[in-house]
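Each chain, written out:
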Amino acid sequence: MRVEFELNGIPQSVDIEPSLSLGDLLKKQGVISIRNGCDGQGSCGVCSVLIDGKTVNSCLLLAAQVHGKQVHTIEYLSHHRELSAIQSAFVDAGVVQCGYCTPSMVLATHELLQRHANPNRAQIKDALSGIFCRCTGYEQYYLAVQLAARRVRDPEFTTPVAPEFRDDLRVVGKVKPKVDGPRLVRGERAFVEDRLLPGSCHLKMLRSPHAHAYITDIDVSAAEAVPGVVLVVTHKNAPDVFYNQAGQGFPEPSPYDRKLFGEKVRHVGDRVAAVVAETPEIAEKALKKINVQYEILPPVLSIEEAEADTAPLVHNSLQEYVVGEPEGLDQSHVDPRDGKIIYQFPIHANPRKNIAASVSGGIGDIERGFELADHIFEQEYRTSQIQCTPVEPHVVYTRMEGNRLIVHASTQVPWHLRRIVARVLGIKENRIRVIKERVGGGFGAKQDIVLEEVAAYCTWVTGRPVFFRFTREEEFIASRTRHPMKIKIKLGAKKDGKLTAMKMDLKANTGPYGAHCLTVPMNGCGKSLPLFLCDHVLFNVTSYYSNIPPTGAYQGYGAPQGSFALQTAIAEFADQLGLDHLEMIEKNRVHDGSMLEILRCLGEGREGVSQAVSSCGLGPALRRGAELIQWGKREEHNDPDIQIGKGLSTVQQGSGLPGLDAANATVSLLGDGTLMLLSGGADLGTGLDTVTTKMVAEVLHVPMEDVSLLSADTDTTPYDDGAYASSGTFFSGSAAMKAAEGLKRKILETASAMLGEPLEDLFLEYPSRVVGSTGTLSFEHISRHAQSGTGRGQLSATANFTTDKAAFPYGAHFCQVAVHTKTGEITIQKYYALQDCGTPINPELALGQMYGGALKTIGHSLFEELVLDEHGKCLNPNLMEYEVPMIGDVPEDFKAELIETNDPFGPFGSKSIAEISCNGAAPAIAAAIHDAVGVWIRSWPFTAEKVLRAMGRIE
Amino acid sequence: MKSTISFHRPESLHEAVCLKRENGHLAAYISGGTFINSSDHPQEYEHLISLENIVSNTLSQRKDKFEIGANCTFQQLIDFPGCPQILAESALLISSRNIRNRATLGGHLASRLSRGALLPALLALNTTVHGVEQELSLEAYLNAENDLLLTQLTLPLHSISRAAGLSFYRSSTIRSCSLIVAALTSVDEACFTKCRIGIGGTVTRAMLLPQTAGAVNGLSCRDDMALNRRINNSVQSEPELQGLDSFHSHMLAELIFQAVKKSVEVSP
């Protein structure tokens, strides 16, 4: 049928299939900014377009429905490469993080400003209500939209969007446009899906309907016979290689306990067969023709089921140790269909008891600690399984270039990805190039290699380019989630609240495979216990295999769960002792210079070292938070059925992994005096590329726009462990800074020779010049000289950054909730996050990280939860039923504030910012609920039903 | 969506009805398309019959009734100056502006989603549904299976002018409400009269609760305890609500209480 419409002002007349969706039509017409986060459910809004001036989800429209209408996309808004008022406001306000939802947010704002030239908060909330953004926490959009509204009328209008820091520095600590902001806000090609070439194949996965089963027979002949099918892969023809999908530094503490395809399936959604075909429709059709017979086994779904004496074994496997095989390893009665587990080193696993890993440690004498106590408190807390829900699902595009495999990836760990793919394919790393594209949200989920190796294998075997993108359902059942945990806390204290003993027994449900099975649960202790100074501490961590959807890394990496348990326990204990919660925290908290002995026992599978706190903004954060929320003041609601309460929590994280992480960077001086930075750091939308660019600009006294950047490409940029463990600013930033310092020395050496002056008499001056007593040389002059036939060659420096020093960010979160005593409904009226990240390198982006982290975990605390039935099937594998926070869920008074400290080890005094933001919401909200209605809710999420039950209103 | 479909653009209501009749269950009317095109939609059709240019989307207030063209979108309804407050509030329970810009009231009713945000309010307001050559009460429409091509909704002005209260429970804004209650009341000498209660949401189908409404009638609007007790008892005895668990049963009673009380607070 024929459809006539206007696209971005240009008349179109197109013959279409009536079933064609509007999104597909627009792609055919060359529009690339239409994204997809919900597979046509209409819940994410990142496919927004304007139809006759109204924002709508293009996934919910057929192309036939736009006949006679005007359609506008983001491409309409920017003239050539100039940004519109809205686009520039979004970049300046710092709301462009991963950028996947940005074009839709811009369009919705455009519609709003047509209706209201000067919109208020309610109108902005309404306009953006249908668009899901997991990164930003939405709060800064209010400012961005109001800035845009002003800028529409006055293009020169500016307003402060964040505080600035460090008067002694030019770009570090200052609000500067994110380096990839303009590109993302224009909706340009940036993501993996934008790289697809004509003729690419599509991969679809047949997944297990059973949580625990052996594949007894699989017949793919009918699928292979479908015209257009290129390859079908099952356990029968896949590589017999064991590996782990965790993107961690090698040798990993995660066991190699899986193959590309196994004979045993261990969760609903586990891989059974992959079909590569010329089109997605052919691949889907072929999937339906695969005949699989299963021997169904009873599933293990909970920690209690996993640790039961009669529990089915999730991995009844042979065990191998690369080093340190324990004596007396029980290898009896294994089932060869289970495969094997290879441990790089001992992690105290016992798969014969479903134990994936375990560890214990402590300082002092715990029994003595409890003997010293006047009061003892003991309680158990539980956390549920939470999905990362990046708006861009996992996606990869693999292709051959000559004899080399090119992987276009949406990943946090390009180099780990290359190493793991090389292992699975049995090829050398030099045959693989990984290009990290813009990542549409990572949050830890993209620290693991959950689809890349399958596509890579298929491309390697067939030579065909392969595109593989998870559906939203696959994202829920086959990607990564936060580990459910059961945490027992036992505390001892003197009458005055001084802690004498702290004991933490943490049990984690690690799911079907052991990615991060040791380190996430360990971090639950490692990032919560050191917030308190106590001489007698003991922790026990056990991680259990089960048949729930896979778990793994998720922003906070175990700390949100550990923090919830320990911080809530402290609040409960304070209440029991009749002490003010804040007073109890002050009595026991960590300070600048405190020696953290507990860290000796908290290495990631290795021996740790005790560390002194090099900078700590916790005190100022607590003071500021208490002032903002008016701690101690009782609030009343007009409605007598609504009670108001206040709560707080303290938070801590790390800044990368000292002794484990490494980052590299290269900076080169170009002929005209500008700079090229090659950074291994993987920017997930968090602003790392802007951080590294600023480091170089600051050290070398050049304008930011004179520094261009290539990052996270295994062929063209130097090695970096990747973006995880809050390492970006500290490690990749330090590497860039060190490289810039190396180049600075070379520039000065060259200038010294040119000017005939001693090097120590020279200094750099903004912009881009060397000043001596006899004259000034521009970088261009120096560079042209160095590059000439008589020069020393192009000036360039590479640096590697490793350290054994830790830089801990600290903070305090405060909240005020209103609890309806008859319905149990909780409203967060106020939420304040106060955090110390040392020197904030990008203040506006740092605030965005804080808002994003806090709102994610407000969601975890109040409504997010993966729900499984008794067979392990996920009942809510979509954004709507899983319930992700939208702008309507943002607390009415939501503030993030940066507490400045100057860390001696971080680049320009900086520390990490993002992950720590996830640790405060649950315990602060739990404490506030108790303050309001006198009940403790000890498991996520804090539903109305749980509140009513705790209050005795329902049975 | 099936890969091969026919998309029809009829030029009259009659043509649309004929197309539907010819193709039976293989055909569906399409207006905004936000449900029928969504991946949540359980059914696939071979023929889609567009109502875009043949069904009105206008709203108007006449002498004795409020008329809403079935192609009116949720957002149009909200933006209409004469829209009854309870309808605007209900329409806003579709929290996504993107959806409200496109979803039509006719499509919403035809989808027969029990969770339909507007249904409790429309039921309480005694809405009449108009189709081609047929009109019937909304309650009757919801209770019957039919292929009626909806053209208009009408609400009696005497309903609209009564005091109305809306209450609902949802855990987050992206999710449809678990429970929605709309209550219409009149108060005579400080006592409730002519109470009408509509409920809906994801845990119960949209319906009127005549028993509970009857139980409220005659009670003093100042006696919260009696009102609460009467509603609780009545909800527990409603046969349609027997399957509700203790939480939702408790919530429903509380929400009915809130909606009834709210209607008094906003009494015109």
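Starting from 1, residues in each chain are numbered consecutively following that chain's sequence as written. Labels follow written order: the first chain is A, the first ligand is 1, and so on. Given that the model is predicted, a residue must reach a pLDDT of at least 70 before its local features are reported, and side-chain atom pairs must reach 80 or more before they are shown or counted; all residues, however, enter totals for whole chains, interfaces and linings. Computation of side-chain values: all heavy atoms of the structure, hydrogens and water removed.

S.K.: What should I look at first to understand the overall build of chain B in this one?
M.R.: Each helix is a run of DSSP H or I of at least 4 residues and each strand a run of E of at least 2, with the numbering of both proceeding from the N terminus. Per the secondary structure count, chain B includes eleven helices and twelve strands. Based on C-alpha atoms, the radius of gyration is set beside the globule rule, defined as 2.2 Å times the residue count to the power 0.38. The C-alpha radius of gyration of chain B comes to 19 Å, within 12% of the 18 Å expected for a compact globule of 268 residues. Each principal axis of the C-alpha distribution contributes one length, and for chain B these read about 60 × 45 × 30 Å. Buried positions account for 60% of the 268 residues belonging to chain B. Only heavy atoms enter the contact rule, under which two residues are in contact if any of them lie within 4.5 Å. Excluding contacts between residues fewer than 6 apart, the proportion of contacts in chain B whose partners are at least 24 apart in sequence is 58%. To measure how exposed things are, a 1.4 Å probe is used in the Shrake-Rupley method; for residues, cover is taken only from the protein chains shown. Accessible area of chain B: about 11000 Å², with a carbon and sulfur share of 47%. Under the convention used here, Asp and Glu are negative, Lys and Arg are positive, and both His and the chain ends fall outside the count. A charged residue contributes its charge at one atom only: NZ of Lys, CZ of Arg, CG of Asp or CD of Glu. Across chain B, the 23 positively charged side chains and the 25 negatively charged ones have centroids separated by 4 Å. Buried, partly exposed and exposed residues are distinguished by accessible area as a fraction of the type maximum, computed with a 1.4 Å probe on protein chains only: under 20%, between the cut-offs, and over 50%, respectively.

S.K.: What is the right way to look at the interface of chain B and chain A in this model?
M.R.: Interface size is commonly expressed as the accessible surface area that is lost when the partners come together. With 42 residues of chain B in contact, the opposing surface of chain A contributes 53 residues. By definition, the buried area sums, over both parts, the 1.4 Å-probe accessible area that each loses when the two are put together. Summed over both partners, the interface of chain B with chain A comes to about 3700 Å²; 50% of that surface belongs to carbon and sulfur atoms. Broken down residue by residue, the surface that chain B buries against chain A is led by B:R97, B:N98 and B:I174, which jointly contribute 20%. Note on definitions: salt bridges are taken to be side-chain nitrogens of Lys or Arg within 4 Å of carboxyl oxygens of Asp or Glu. Run the count over chain B and chain A and you get five salt bridges. Between A:K69 and B:E52 there is a salt bridge, with the nearest N and O atoms lying 2.9 Å from each other. Within the residue set of the side of chain B that touches chain A, elements represented by two or more residues are β1 (6-8), α4 (97-100), β9 (163-169) and α11 (246-265) of chain B.

S.K.: Is there a simple way to think about the packing of helix α19 (residues 728-755) of chain A against helix α20 (residues 779-787) of chain A in this case?
M.R.: Residues and elements named next belong to chain A. Axis lines are fitted through C-alpha atoms, for helices just across the contact stretch, and the angle between N-to-C directions can take any value from 0 to 180 degrees. Viewed as axis vectors pointing N to C, α19 and α20 meet at an angle of 85°, and their least axial separation amounts to 10 Å. As summarised for this structure, α19 and α20 are arranged roughly perpendicular, according to the angle between their axes. Taking contact as the criterion, the partners of I747, T750, A751 and M754 in α19 are, on α20, F779, H781, I782, H785 and A786. Residues were grouped as follows: Ala, Val, Leu, Ile, Met, Phe, Trp, Tyr, Cys and Pro as nonpolar; Asp, Glu, Lys and Arg as charged; and all remaining residues, including Gly, as polar. Per-class residue counts for the contact of α19 with α20 are six nonpolar, three polar and no charged. Geometric relationships in this document are graded by angle, where less than 35 degrees denotes roughly parallel, more than 145 denotes roughly antiparallel, 65 to 115 denotes roughly perpendicular, and other angles denote oblique.

S.K.: Looking at this structure, I do not really get the sheet that holds strand β18 (residues 404-409) of chain A. What am I missing?
M.R.: Residues and elements named next belong to chain A. Strands are treated as partners if at least two bridges between them are detected by DSSP. Taken together, seven strands build an open sheet; the order of strands is β8-β10-β6-β20-β17-β18-β19 and the sheet is mixed. If you trace the sheet from one side to the other, it starts and ends with β8 (229-233) and β19 (432-436), each paired once. If you compare each strand with its neighbour and ignore which way they point, the axes differ by 20° on average. Pairing of β8 with strand β10 (residues 271-277), which is carried by four bridges, proceeds in the antiparallel orientation. Following the sheet pairing, V232 is matched in β10 by V275. Relative to the sheet, helix α8 (residues 280-287) contacts β6 (201-207), β8 and β10, its axis offset from that of β6 by approximately 25°. Against the sheet, helix α11 (residues 414-425) engages β18 and β19, with an angle of about 145° to β19.

S.K.: How should I be thinking about the environment of A:S84 in this particular structure?
M.R.: All names here are of chain A. Along the chain, S84 turns up in the loop between β5 (70-72) and α2 (85-93). Look at S84 and you get buried, because its relative accessible area is 15%. In sequence terms S84 and G130 are 46 residues apart; their C-alpha atoms lie 22 Å from each other.

S.K.: Which parts of the structure should I look at to understand the confidence of the model for chain B?
M.R.: Interpretation of this model should avoid reading the predicted coordinates in detail wherever pLDDT is low. Residues and elements named next belong to chain B. For chain B, mean pLDDT is 92; residues scoring 70 or higher make up 97% of the total. The predictor attaches a confidence to each residue, and that confidence, scored 0 to 100, is pLDDT. Confidence scores differ between elements of chain B, with helix α8 (residues 157-160) showing the lowest mean pLDDT of 83 and α4 the highest of 98. Confidence estimates for the predicted assembly give a pTM of 0.97 and an ipTM of 0.96.

S.K.: I keep staring at the pattern of salt bridges and nothing clicks. Help me out?
M.R.: Scanning the entire structure with this criterion turns up 72 salt bridges over all chains. Among the salt bridges present, the one from B:R97 reaches A:D126, with a minimum N-O distance of 2.8 Å. A residue pair is termed interchain when its members come from two chains, as with B:R97 in helix α4 and A:D126 in helix α4 (residues 121-127). What makes B:R97 buried here is its relative accessible area of 3%. Judged by its relative accessible area of 19%, A:D126 falls in the buried class.

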